[in-house]
Amino acid sequence: MSTDHGRLDGKIAIVTGGTQGLGATIARLFAERGAEGIVICGRNEAKGKAKAAEISAATGTRIVYVKADLGKVEDAQHVVRACDETFGRVDALVNAAAIT
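I will try to describe carefully the structure that is included in this document. (Residues numbered from 1 in each chain as written. Predicted model: local features only at pLDDT ≥ 70, side-chain atom pairs only at ≥ 80, totals over all residues. Heavy atoms only, no water.)

Considerations on the pairing of strand β2 (residues 37–42)
Phase 1: A large share of β2 lies buried, amounting to 6 of its 6 residues.
Phase 2: Residue alternation in β2 divides its side chains into two sets, G37, V39 and C41 and I38, I40 and G42, and both sets are buried.
Phase 3: Handedness of the crossover joining strand β1 (residues 12–16) and β2 through helix α1 (residues 21–32) is recorded here as right-handed.
Phase 4: In the classification by handedness, the crossover that spans β2, the intervening helix α2 (residues 45–59) and the parallel strand β3 (residues 62–67) is right-handed. (Buried < 20%, exposed > 50% of the residue type's maximum accessible area, 1.4 Å probe, protein only. Helix = DSSP H or I, 4+ residues; strand = E, 2+ residues; numbered from the N terminus. Right-handed = clockwise from strand over helix to strand, strands pointing away.)

Laid out in C-alpha cells, this is it:
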C-alpha cells in the first residue's frame, strides 16, 4: 500500500481566491503536501503578498501572488500566463474565488 496518498510533490498549482478563507487554506494544504509552486490571486495586493509570504515562510514552497479581478477575462488569462512564465506549466487549478 502506498504511503504517499494525497501528496502533490513537484506539482504546480493555481489557487484562485488564495489570498483568504477557503482558497488560502487550500493553497497552504497544497504547499504542505509538497507542491513545488503555487500561484494565488485576488484583488487586494497587500493581502495577497502577505498571504504568499506567510505560506512560503511556513512551508518552503514558492508562492507567487498575482493581482487579478476574475470578473475580467484578461485578468484570468494573466494569472495562467504568470504561472506558465514562472513555473513552466500548470498541473492543477482550484477555483476558490468568490465575491466577498
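On we go from here.
Side note on the layout of surface pockets
Phase 1: Its boundaries defined by the atoms lining it, the largest pocket holds a volume of some 340 Å³.
Phase 2: As for the largest pocket, its lining consists of 20 residues, of which G17, G42, R43, A97 and A98 are closest to the centre.
Phase 3: Those elements that place two or more of their residues in the lining of the largest pocket are α1 and β2.
Phase 4: Examining the composition of the lining of the largest pocket, we find that 3 residues originate from one element, α1, more than from any other.
Phase 5: Considered class by class, the residues forming the lining of the largest pocket number 8 nonpolar, 9 polar and 3 charged. (1 Å grid on protein atoms, 1.4 Å probe; cavity = no way out; pocket = protein on both sides within 12 Å on 5 of 7 lines; lining within 4 Å. Points joined across faces, edges and corners; volume = space filled by probe spheres on them. Nonpolar A, V, L, I, M, F, W, Y, C, P; charged D, E, K, R; others polar.)

A closer look at the side chain of T16
Phase 1: The residue T16 is located in strand β1 in this model.
Phase 2: By relative accessible area, which is 7% here, T16 ends up buried.
Phase 3: Separated by 3.2 Å, the side chain of T16 and the backbone nitrogen of A97 make a polar contact. (Polar contact = N/O pair within 3.5 Å; in protein donor to acceptor, adjacent residues only side chain to side chain.)

Quick look at the environment of D69
Phase 1: Here D69 lies in the loop between β3 and α3 (73–87).
Phase 2: Residue classification places D69 among the partly exposed positions, given a relative accessible area of 27%.
Phase 3: For the pair formed by D69 and D84, sequence separation is 15 residues and the distance between their alpha carbons is 19 Å.
Phase 4: Setting aside anything within four residues of it in sequence, one finds D69 in contact with R43 and D75.
Phase 5: Only 2.9 Å separates the side chain of D69 from the backbone nitrogen of G71, close enough to count as a polar contact. (Contact = heavy atoms within 4.5 Å.)

Regarding the state of the cysteines
Phase 1: The final tally for this structure, using the stated rule, is 0 disulfides.
Phase 2: The thiol sulfur of C41 is not disulfide-bonded, and the nearest other cysteine sulfur, from C83, lies at 10 Å.
Phase 3: Using a relative accessible area of 0% as the deciding quantity, one classes C83 as buried. (Disulfide = S-S within 2.5 Å.)

So far we have only geometry, and geometry alone does not tell us how the molecule works.
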